[in-house]
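These are the residues of each chain, in order.
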Amino acid sequence: MKLRNYFSLHSFCYILLFFCCLLTFSCKKTSSSGITEVDSVALKKEEARIRKEINADQKAALIEQVIQKKITEGFNGNVLIAQKGVIIYQKSYGFADFKDTIRNNLQSKFQLASLSKTFTAVAIMKLAEQGKIGLDNTVKDYFTNFPYDGITIRSLLCHRSGLPFYQYTFDKVVRENKVYPTNQQMMEWFATTQPTPKMFNQPDHYFGYNNTNFAILAALVEKVSGKPFDEYMRENLFKPAGMKNSFIVTTKNDSININRTFGYQFGQRLPKDYYDDITGDKGVYSTVGDLFNWYKALKNNTIINKESFREMITPRSFEFPGLRNYGYGFRLWVDSKQQTEYVYHTGWWKGYNTIMFFDPREDFVIILVNNRYNRSVYNVKSLIEIMHGGNRSSTMEESILDE
């Protein structure tokens, strides 16, 4: 009798344990993204808390007014503005393709133009962290036929090389022969023609914004990694950052044409340019969502460590006293003591205008991408003041016309 009672009690305990496990499993049901329902509820509560803390709804209403003004001025593209990991404003306007009346959407991919330089610079810093490239090494250490001495990787990163502009130097041969050069071909042309550097030609003596610097950096990425630039960037930057919709223009893959936009200027869709296949200084296509992921990857040290990123946003040029400066692949807005306040980069190429602007201390980012030439993209002062909640005066001009 006692033995039967023991087994009955034992069976009851097993049944009870089974139902407890079942209840726990049902309460923590996992979604396809790997987040449980309990976690999802907690995340939503935290987002709601942050939205209230930063006055997200009030800011969104004010941002809408600014963006509507930009639309009247011709803005045609996408916007994403976020703070503390929460998207405050995200919308699409206008057309990706005016001819076929295909509208922009949040998955639309835009040529980032010179905003692409931020990716190239991070790629170099990653290789430096791995000991595969030295910032104090010269270009000649990697390309022995390079005709100029003393051009270090650092001087390329902060536009202090004094090199000639490739797009003007080789323009005659490019257009007469109708060739579409690559970065490696550009390096060969420098070696064989040895063009005279521009006026301020002593390396590390003068800041001179120059696409040649970042085109060479992309060639160095290929040389050091042994991989095509687009492949290296996809594997080592885009994937780790969660940028699933981004690519380099030279990528050979049919999927890149999905949601791809076209650049317009003077009312016309612009054809492929002879210099489109030279990348590093431009050439990244991305979405506003992917750029938000890029910002988070920089902030969270996903690709490079904190020390490397701090080095990238340290001012490097002081020839012109003022509030603007340049680090490694990032433009900087500094205070009167030349301490970095804001980090950003703008871009312009063949109808595209772009800007990514962020405040590392207050953790907000402003992203605008446009595919019909319109310089109102760079007018961000009003948006910055909104993100500061009107509690901070700014000496910044209304328009950042760096590109």
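Keep in mind that this is a model prediction, so the values were computed, not measured. (Residues numbered from 1 in each chain as written. Predicted model: local features only at pLDDT ≥ 70, side-chain atom pairs only at ≥ 80, totals over all residues. Heavy atoms only, no water.)

Caption draft 1: Quick look at the overall build of the chain. Tallying secondary structure elements over the chain gives 13 helices and 14 strands in all. Taking all 403 residues of the chain together, 50% fall into the buried category. Pairs at least 24 residues apart make up 66% of the contacts formed inside the chain by residues separated by at least 6 positions. Surface summary for the chain: the accessible area is close to 19600 Å², and the carbon and sulfur share equals 54%. (Helix = DSSP H or I, 4+ residues; strand = E, 2+ residues; numbered from the N terminus. Buried < 20%, exposed > 50% of the residue type's maximum accessible area, 1.4 Å probe, protein only. Contact = heavy atoms within 4.5 Å. Areas by Shrake-Rupley, 256 points an atom, 1.4 Å probe, with all protein chains shown as cover.)

Caption draft 2: Summary view of unusual backbone geometry. You will see that lysine 84, though not glycine, has its phi angle at about 50°, which is positive. A positive phi angle, near 60°, is found at histidine 159, a position not held by glycine. Secondary-structure assignment places histidine 159 in the loop between helix 5 (153-157) and helix 6 (166-169).

Caption draft 3: Summary view of the pairing of strand 11 (residues 331-334). What you see with strand 11 is no split at all: Arg331 and Trp333 on one side and Leu332 and Val334 on the other are buried throughout. Of the strand pairs in this sheet, strand 10 (residues 324-326) and strand 11 are connected by three bridges, and their pairing is antiparallel. Opposite asparagine 325, over in strand 11, you have leucine 332 as the bridge partner. Between strand 10 and the antiparallel strand that follows it, strand 11, lie four residues; glycine 329 among them carries a positive phi value of about 80°. Pairing analysis gives four bridges linking strand 11 to strand 12 (residues 340-349), with the strands arranged antiparallel. Bridge pairing in strand 12 links valine 334 to threonine 340. Following strand 11, the chain reverses through five residues before pairing antiparallel with strand 12; glutamine 338 in that reversal takes a positive phi of roughly 60°. (Pairing = 2+ DSSP bridges.)

Caption draft 4: View of the confidence of the model for the chain. In this model, the chain carries a mean pLDDT of 90, and residues with pLDDT of at least 70 account for 87%. Contacts for the low-pLDDT stretch residues 1-28, under 50 throughout, to residues beyond four places or in other chains number five contacts. (pLDDT = per-residue confidence, 0-100.)

Caption draft 5: Inspection of the sheet that holds strand 2 (residues 86-92) at higher detail. An order of 2-1-14-13-12-11-10 is seen for the seven strands of this open sheet, with the pairing classed as antiparallel. On the outer flanks of this sheet lie strand 2 and strand 10, each paired with one strand and no other. Averaged over neighbouring strand pairs, the angle between their axes works out to 15° when direction is ignored. In terms of strand pairing, strand 1 (residues 77-83) meets strand 2 through six bridges, oriented antiparallel. Bridge pairing in strand 2 places asparagine 78 opposite serine 92. (Axes fitted to C-alpha atoms, helices over the stretch in contact; angles between N-to-C directions.)

Caption draft 6: Structural context of the environment of asparagine 293. Relative to the assigned elements, asparagine 293 resides in helix 11 (residues 288-299). Expressed as a C-alpha distance, the spacing of asparagine 293 and proline 240, which sit 53 residues apart in the sequence, is 9.8 Å. If sequence neighbours within four positions are ignored, asparagine 293 has contacts with Ala241, Gly242 and Met243.

Caption draft 7: Seen up close, the side chain of serine 317. Among the secondary structure elements, serine 317 is positioned in the loop between helix 12 (306-312) and strand 10. A distance of 2.9 Å separates polar atoms of two side chains, one belonging to serine 317 and the other to arginine 160. When sequence neighbours within four positions are dropped, the list of residues in contact with serine 317 reads Cys158, Arg160, Phe207, Asn325 and Tyr326. (Polar contact = N/O pair within 3.5 Å; in protein donor to acceptor, adjacent residues only side chain to side chain.)

Caption draft 8: View of the environment of lysine 223. Within the element layout of this structure, lysine 223 appears in helix 9 (residues 211-225). Take lysine 223: its relative accessible area is 47%, and that puts it in the partly exposed class. Separated by 80 residues in sequence, lysine 223 and phenylalanine 143 have C-alpha atoms that sit 8.5 Å apart. Apart from the residues within four sequence positions on either side, lysine 223 is in contact with Tyr142 and Phe143.

Caption draft 9: A look at the pattern of salt bridges. Counted according to the given criterion, the structure contains 19 salt bridges. Ionic pairing is found between aspartate 57 and arginine 51, a salt bridge with its closest N-O pair at 3.0 Å. Residue arginine 51 is classed as partly exposed on the basis of its relative accessible area, which comes to 23%. A salt bridge links lysine 227 to glutamate 235; the nearest nitrogen and oxygen atoms lie 2.6 Å apart. Overall, the relative accessible area of 29% leaves lysine 227 in the partly exposed class. Residue glutamate 235 is classed as partly exposed on the basis of its relative accessible area of 32%. Taken together, the shared-partner salt bridges connect Glu46, Arg49, Glu53 and Lys84 into one network. (Salt bridge = Lys/Arg side-chain N within 4 Å of Asp/Glu carboxyl O.)

Caption draft 10: Spatial organisation of the sheet that holds strand 9 (residues 284-286). The three strands lie next to each other as 5-9-6, forming an open sheet whose pairing is antiparallel. At either margin of the open sheet sits one strand with a lone partner, and together these are strand 5 (110-111) and strand 6 (247-248). Sheet analysis places strand 5 next to strand 9, joined by two bridges and oriented antiparallel. When the bridges of strand 9 are listed, glutamine 111 appears paired with tyrosine 285.

Caption draft 11: Spatial organisation of the environment of arginine 372. Its location among the elements puts arginine 372 in the loop between strand 14 (364-370) and helix 13 (381-387). Considering only alpha carbons, one finds arginine 372 and arginine 269, 103 residues apart in sequence, at a separation of 8.8 Å. Not counting residues within four places of it along the chain, the set of residues in contact with arginine 372 comprises Gly74, Phe75, Asn76, Phe98, Tyr264, Gly351 and Asn353.

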